[in-house]
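Each chain is listed here by its residues.
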Amino acid sequence: MRKAIIKCLQISIVFVTLLLVGIFVGPVIYYFQSQPIDLNVAVLEGNLHSKSYDWLTAHFKWSNVSAKPLDPINTKKETYPDLIWIDDSARLNVDLGTKLHNNTLIGEYLLANEYASPVQKEQVAYLFNVEDTGFLGKSVADLSDPAQVPSPIREQYKHIYKKDWHLYGSGLIIFSDTQLLILQSGEDYAGDFYWTGDQMRQTYYGYFEIISTSEKVTSQFHLDATALGKNKLKNLNLEPVFPASVENHRSLYASYYFTSALKNTSIHVPYYYYGVEGLLKNKLIYDRYTSEQIYWQWYLPKIQSIVKSAIVQRQSASVTEKTVTPLEPRFKIQDHKVLKQTVDGNYEPFFIKGVNLGTAVPGKAFTEFPQDISTYKLWLTQMKSLNINTLRVYTLLPPTFYKALYDYNNENPQHPIYLLQEIWPEENPKDHNYLLPEYNATYKKEIEYAVHAIHGNISIPKRSYRAYGAYAYDVSPYLIGYLVGRELEPDEVIATNNLNPKYHFEGQYLYGEANASPTESWLAASCDYALQVENKAYGHTALVSVVNWPTLDPLSHFSETALTPEGTIDTKAPSKGAIGLTYNDKVVVDINHIGIHPDKMPGLFGSYHIYPNYPDFMNNDPEYSLYKDDLGSFRYGGYLKAFMAQHSKYPALVAEYGISTSMVTAHVAPNGNNHGGLSELAQGKEIIRMSRAIEKEGYAGGLIFEWIDEWTKKTWTTEPYMIPYNRHMLWHNAMDPEQNYGLINYDGLTKPLVTYYENTSTPLTRIQASTDATYLNLVLTYSSESAAQKATEVTINTYTGSESSPIPEFVLSLGRQAELKVNPGYNWTKGKFRAIPAKLSQYEELQLITNGESLLKNGNRIAPIQISLSQLKTGPFEVDQNQVYRKGNTITLRLPYGLLGISDPSSLQVLMDTKVYPVPPLADTIGTVKSTRLSFGTYYNGALIKNFSHDLTPWDEVDYYSRPKASFNQLSEFFKTFGE
């Protein structure tokens, strides 16, 4: 008994001691345990999350600060969240990029979110560098259990395999929207479906995403597939190993992605139970058919490790000065040539052959860049088949472009596409002065953005008319150089020079020579600043280039002569810089006036936009016609030779050259390489001819203008008639050369024809019409081929209004020839826009002025040139210039809207004004009216067949399609060996 009493006393003492310790020490432990971790966390959360997720939040004692305002750039780093947990991809938006700066991202099972848009899923792929295969997987313990195999999968199985679901045993289900694969344990694989990571191997049941990635895979899903199972997976281009978690460390941020929702594991533990994670890591028995063991033994320690890394990431980011190791330049200039560094560190000549990428797809303005990575990947893949080596972009594009380029070049290491990154200065500087402090500050900021973006190390805040977001992919290994400037306007150059006469630049890398103008010094300073930013941050110095065009060349042109007010030749013409001179020979920007420190930078070159049809001196200066190539006289080659003869200090790149395939010519060139009006095959032929001259005359290479047809462009012959101008990108002006320079055609999607007349007892048996984003389409069907040769007339009213007897604006005559004539009062080529009573025999031709009068220095004049728009071209529609196609007993017509005075088919506007305007008029000045239908009168051999009206439907979204032009294959073959 005594021993029992003593034992009880001992137990009581221990109990009381523990109680006292708990009373006095517990609060101390609780105090320290309850202190929040020094981490600033933002959560992009959905409406629902699991208890385990709430437990994690409470366990790490973080609070969601994503609702707080975050100062996105160049401010205190603590305003950025240290850790961003993306809980719901449907909450993602482009603005997330402004929150990324030396921080850490976590994401789980985001690609499977059915509520996320394709753009949001692409953003997940961008942030974590994972690619969705389109497949999901689910490992189940019992295939016969309806609770484990959802009914949609059973229905899909029945639809694909034409039999009911009678499967049993453990298995793996792999499925997409259109495909379904069932792998059964024992038949297709041995044992269980495993999760493996950090020397752990645990059975896994549940859903997971099937992704691909080039990043570090830190855990995997694995099955020991049999030969049968491997073959089934191979049919879906899958392997028996799937990434389970991916780790990605970029300059801008670190990211961790889990392809299953481990955070949603049912753990059945209250968060306030101190020390519970330590106990559960060593638990002997875990719930079967769950991920509980993976959660406690791997996932939770992984999250703890990520949290610690996030703190270290923040601390390392607070170090303001970092040591940067100088790097050898990847490209340099030597002996007037561009050289590229080889794998062994040597240098070899590199001839630049490529394209300019304008990104304005139909319906979009220049600054409405595609945000999806798939568009850029498609373009880069197409460029690969063109056999080019370089791509030039005009301004900073969205982050998705650089991700696409990064991926493409990693996948094609033997034949990468190199980049020329232009840094575009704002247009229309105040007072035409490039050297205004505000203007320069804005441009310097753009230079900083571009340099850091190329190196994948900047988050740019949201802004209007410029790209922004998280630039996280380093494409600097593929950067040839930065292009500074744009096509500077002569009046801007003159104003800058006059307003800053004493400005002279001496920089770290470049300087203005003694004879440099203020504008030339400004360009040198801008190049110098780009090199300063890059060398300081990355130890790298790329090539730099000044963008220019023939309008500012140092040559004095015989045919660019101005008249004095008295009408005599301006004797100052050869001197350059006189305000009274012609636009294209007014002032000079000469790269020879810029000096460099060659021991500090790899080199400078000039980038020039040189076309065969503009300025006029290309066509009119007699000396250029003396140049010969294999096809005879070639003025373009003559200019290239004359220009290069004075380009003594640096290499020159033809940064733009090309041929438009528009339906109509806007400028006639003596050698036939007109400004528009050429077929797609002629486009290829002329580009090849120009390319050979570029190489022969010693240029560093050439970049074709341009990759795609951009509807948002305009030229002087079309701009005044596209009203309202701010909607002109919503329709395709087939007459506009600038809209049709692309090697990839973009056109309005053809709409179904509407039948307005059908009678087999008459020679003209059927009349059909349709409208799309490019054309008015008419199809006339006759009883025989000979009947189709007889005279047919179609009157066209673009606007009937309330008039009881409207006057047709146009009459279309069809027989052996095709002709479109205009009412004398509506001849828009003469500045008239209101139809007047007139007989059809009085209707006039449409005559478009393409070349204005020019004056030579010897006093001789070159007469203006005009072309007929009334004589319609006949032939297959594979040739863009053809408006009429005859086949058997059918005549098909496609008439561009501009030809008919329809100023904006998307908002149903037609030109209508009682005033007479000078030709060409100013933009957006002609009056317009809304027209909801087009009215037609159809006559055969003088007899009326049918009057009908075609209703017009407005649009704000464009239906279009794309295809490579016929020139594409020509150029692909040519570029295989050109410049090698």
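Residues numbered from 1 in each chain as written. Predicted model: local features only at pLDDT ≥ 70, side-chain atom pairs only at ≥ 80, totals over all residues. Heavy atoms only, no water.

Draft legend 1. Representation of the overall build of the protein. Scanning the protein from terminus to terminus reveals 16 helices and 48 strands. Intrachain contacts of the protein at a sequence separation of at least 6 include 68% that bridge at least 24 residues. When the accessible surface of the protein is totalled, it reaches about 42,200 Å², and 53% of it is carbon and sulfur. (Helix = DSSP H or I, 4+ residues; strand = E, 2+ residues; numbered from the N terminus. Contact = heavy atoms within 4.5 Å. Areas by Shrake-Rupley, 256 points an atom, 1.4 Å probe, with all protein chains shown as cover.)

Draft legend 2. Expanded view of the packing of helix α15 (residues 680-696) against helix α16 (residues 967-975). Relative to each other, α15 and α16 sit at 25 degrees, their axes nearing to 7 Å. Considering the angle they form, α15 stands roughly parallel to α16. Contacts between α15 and α16 involve Glu680, Leu681, Gln683, Gly684, Lys685, Ile687, Ile688, Ser691 and Arg692 from the first element and Ser967, Gln970, Leu971 and Phe974 from the second. Class assignment of the residues belonging to the contact of α15 with α16 gives a composition of five nonpolar, five polar and three charged. (Axes fitted to C-alpha atoms, helices over the stretch in contact; angles between N-to-C directions. Parallel < 35°, antiparallel > 145°, perpendicular 65-115°, else oblique. Nonpolar A, V, L, I, M, F, W, Y, C, P; charged D, E, K, R; others polar.)

Draft legend 3. Layout of the pattern of salt bridges. All chains considered together, the criterion is met by 35 salt bridges. A salt bridge links Asp224 to Arg201; its shortest N-O distance comes to 3.1 Å. Residue Asp224 is located in strand β10 (residues 216-225), and its partner Arg201 is located in strand β8 (residues 200-203); the two are separated by 23 residues in the primary sequence. Overall, the relative accessible area of 41% leaves Arg201 in the partly exposed class. (Salt bridge = Lys/Arg side-chain N within 4 Å of Asp/Glu carboxyl O. Buried < 20%, exposed > 50% of the residue type's maximum accessible area, 1.4 Å probe, protein only.)

Draft legend 4. Main features of empty space enclosed by the protein. Counted according to the given criterion, the structure contains five cavities of 30 Å³ or more. Computed from the structure, the second largest cavity encloses a volume of approximately 120 Å³. Lining the second largest cavity are 15 residues, with Thr718, Tyr721, Asn733, Trp828 and Gly898 positioned closest to its centre. (1 Å grid on protein atoms, 1.4 Å probe; cavity = no way out; pocket = protein on both sides within 12 Å on 5 of 7 lines; lining within 4 Å. Points joined across faces, edges and corners; volume = space filled by probe spheres on them.)

Draft legend 5. Molecular detail of the environment of Gly107. By secondary structure assignment, the location of Gly107 is in strand β3 (residues 103-108). Among all residues touching Gly107, those that are not within four sequence positions of it are Ile86, Phe128, Tyr256, Tyr257 and Phe258.

Draft legend 6. Focus on the pairing of β3. Most of β3 is tucked away, with six of its six residues classed as buried. With burial as the criterion, each face of β3 is covered, one bearing Asn103, Leu105 and Gly107 and the other bearing Thr104, Ile106 and Glu108. As defined by bridge partners, strand β2 (residues 83-86) adjoins β3 across four bridges and the pair is classed as parallel. By the bridge assignment for β3, Ile86 is matched with Gly107. (Pairing = 2+ DSSP bridges.)

Draft legend 7. Broad picture of the packing of aromatic side chains. Applying the stated criterion across every chain yields a total of 55 aromatic pairs. The interplanar angle of 75 degrees and the centroid separation of 6.5 Å between the aromatic rings of Tyr394 and Trp424 together place this pair among those described as edge-to-face. Taken together, the positions of Tyr394 in the loop between β17 (390-393) and α9 (399-411) and Trp424 in the loop between β18 (418-423) and α10 (437-454) put the pair 30 residues apart, joining distant regions of the chain. Assessed through its relative accessible area of 25%, Trp424 is described here as partly exposed. Measuring from centroid to centroid gives 5.9 Å for Phe634 and Tyr636, while their planes differ by 50 degrees, and the two rings are tilted. (Phe/Tyr/Trp six-rings, centres within 6.5 Å; stacked < 30°, edge-to-face > 60°.)

Draft legend 8. Spotlight on the sheet that holds strand β7 (residues 189-197). Taken together, eight strands build an open sheet; the order of strands is β1-β2-β3-β12-β11-β10-β7-β8 and the sheet is mixed. Two strands lie at the open edges of the sheet, namely β1 (41-44) and β8, each paired on one side alone. With direction set aside, neighbouring strand axes in the sheet form an average angle of 20 degrees. Along the sheet face, helix α3 (residues 118-128) touches β2, β3, β11 (241-249) and β12 (253-258) and points at about 120 degrees away from the line of β12.

Draft legend 9. Representation of the sheet that holds strand β9 (residues 206-213) in the model. With antiparallel pairing, the four strands of this open sheet are ordered in space as β6-β5-β4-β9. A single partner strand is all that each edge strand has here, and the edge strands are β6 (180-184) and β9. This sheet shows a mean twist of 25 degrees between the axes of neighbouring strands, independent of strand direction. Bridge count for strand β5 (residues 171-175) against β6 is five bridges, and the pairing is antiparallel. Looking at the pairing, Gly171 lines up with Gln184 of β6.

Draft legend 10. Spotlight on helix α11 (residues 490-499). A large share of α11 lies buried, amounting to seven of its ten residues. Of all the positions in α11, only Pro490, Glu492, Val493, Ile494, Ala495, Thr496 and Asn497 are classed as buried.

Draft legend 11. Expanded view of the side chain of Ser255. Relative to the helices and strands, Ser255 is located in strand β12. Among residues more than four places away in sequence, those in contact with Ser255 are Leu105, Leu127, Phe128, Val246, Glu247 and Asn248.

Draft legend 12. Layout of the pairing of strand β35 (residues 810-814). Burial analysis of β35 places four of its five residues in the buried class, the great majority of the element. Sheet topology note: the strand β34 (residues 792-797)/β35 ladder contains five bridges and is antiparallel. Following the sheet pairing, Glu793 is matched in β35 by Ser813. In textbook terms, the turn of a hairpin is the stretch between consecutive antiparallel strands, and for β35 and strand β36 (residues 818-822) this stretch comprises three residues.

Draft legend 13. Summary view of the packing of helix α14 (residues 635-646) against α15. It is the contact of α14 with α15, at a shortest axis distance of 10 Å, that shows an interaxial angle of 25 degrees. Relative to α15, the element α14 lies roughly parallel. As α14 runs across α15, the sense of the crossing is right-handed. Counted together, Tyr636, Gly637 and Leu640 of α14 and Met690, Ala693 and Ile694 of α15 form the full contact between these two elements. For the contact of α14 with α15, a count of residues per class yields five nonpolar, one polar and no charged. (Left-handed = near helix turned anticlockwise from the far one by under 90°.)

Draft legend 14. View of the side chain of Ser906. Mapped onto the fold, Ser906 is located in the loop between β43 (902-904) and β44 (909-911). The buried category is assigned to Ser906, whose relative accessible area is 1%. At 3.1 Å, the side chain of Ser906 and the side chain of Arg727 are in polar contact. Once residues within four sequence positions are removed from consideration, Ser906 is found in contact with Arg727, Leu730, Trp731, Pro954 and Trp955. (Polar contact = N/O pair within 3.5 Å; in protein donor to acceptor, adjacent residues only side chain to side chain.)

Draft legend 15. Expanded view of α10. Look at α10: 26 Å from first C-alpha to last across 18 residues, which is about the 26 Å you get at 1.5 Å a residue. Residues of α10 that are buried make contact with α9, β18, β19 (458-460), β20 (469-471), β21 (479-484) and α12 (518-538). At the C-terminal side of α10, Gly456 shows a positive phi close to 60 degrees. (Expected span 1.5 Å × (residues − 1).)

In short, the description is geometric, and any link to function would need to be established separately.
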